[in-house]
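Listed here are the chains, written in short residue letters.
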Amino acid sequence: MRFQVIGMKGGAGFDDIVAHFQSLGGDCVLMDPDMVVGKDHILSAATHGERSMAEGTNRSNSLLTEIILYAAWERQIGKALARMRPKEGRTEYAALLVDVDDPELEAIGMERDDSLLDPTPEKAAALGLSDPFLGPVEQALERVALLETQKM
């Protein structure tokens, strides 16, 4: 599988965005950009999710849901979805594209904005990433990896 993480904003709704990427032959996971601390956070979740599906240690029946579990560093699907799903009325998204080469965002009235993925002190605080010795990205990667041990 090929993974790509992008930030985007515009007027398209959640379901229309998902349908668009599926029409391109791929899929996507849309997330609240306030819950994302850099591209590596989501790419790590995708790698861990893909591996757990391959090894049979997955908690969900879907790769996309498994990725959300890792991205949210949460064992319970309901809690992970509640944390990561873009809030109602939101026009900005963090997106993990799966097997999509060209997102063709203009076709659905969206604009790419990868700055939405940038780690900020506000995001770190909201996510409880407060270790003074590690940056927010490193802390997020650590939490993604730690979920693996919590699943056992």
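Computed from a predicted model, the values in this text were never measured in an experiment.

Now for the pattern of salt bridges. One pass over the structure, following the stated rule, counts 9 salt bridges. D99 serves as the salt-bridge partner of R2, at 3.7 Å between the closest nitrogen and oxygen. A residue pair is termed long-range when its members are at least 10 positions apart, and R2 in the segment before β1 (3-10) and D99 in the loop between β3 (92-98) and β4 (110-112) qualify at 97 residues. For R2, a relative accessible area of 42% gives the class partly exposed. Note on D99: relative accessible area 25%, which makes it partly exposed. Salt bridges sharing partners connect three or more residues here, namely D32, D34, K87, R90 and E92.

On to the side chain of S44. Relative to the assigned elements, S44 resides in helix α2 (residues 39-55). Overall, S44 belongs to the buried group, its relative accessible area being 14%.

The next subject is the packing of aromatic side chains. Overall, the coordinates contain 0 aromatic pairs when judged by the stated rule. Above the plane of the ring of F14 lies R85, whose end atom (NZ or CZ) is 4.0 Å from the centre.

Further remarks concern the nonpolar core. The biggest cluster of nonpolar side chains holds 30 residues, and the ones touching the most others in it are M31, V36, I42, M84, L96 and L129. Counting residues per element, this core draws most heavily on helix α3 (residues 63-72), which supplies 7 residues. Sequence-distant contacts of L96, defined by excluding residues within four places in its chain, comprise F3, Q4, V5, D27, C28, V29, M31, I42, A46 and I67.

So, how was this worked out
Residues numbered from 1 in each chain as written. Predicted model: local features only at pLDDT ≥ 70, side-chain atom pairs only at ≥ 80, totals over all residues. Heavy atoms only, no water. Salt bridge = Lys/Arg side-chain N within 4 Å of Asp/Glu carboxyl O. Helix = DSSP H or I, 4+ residues; strand = E, 2+ residues; numbered from the N terminus. Buried < 20%, exposed > 50% of the residue type's maximum accessible area, 1.4 Å probe, protein only. Phe/Tyr/Trp six-rings, centres within 6.5 Å; stacked < 30°, edge-to-face > 60°. Lys NZ or Arg CZ within 6 Å of the ring centre and 35° of its normal. Core = buried A, V, L, I, M, F, W, Y, C linked by side-chain atoms within 4.5 Å. Contact = heavy atoms within 4.5 Å.

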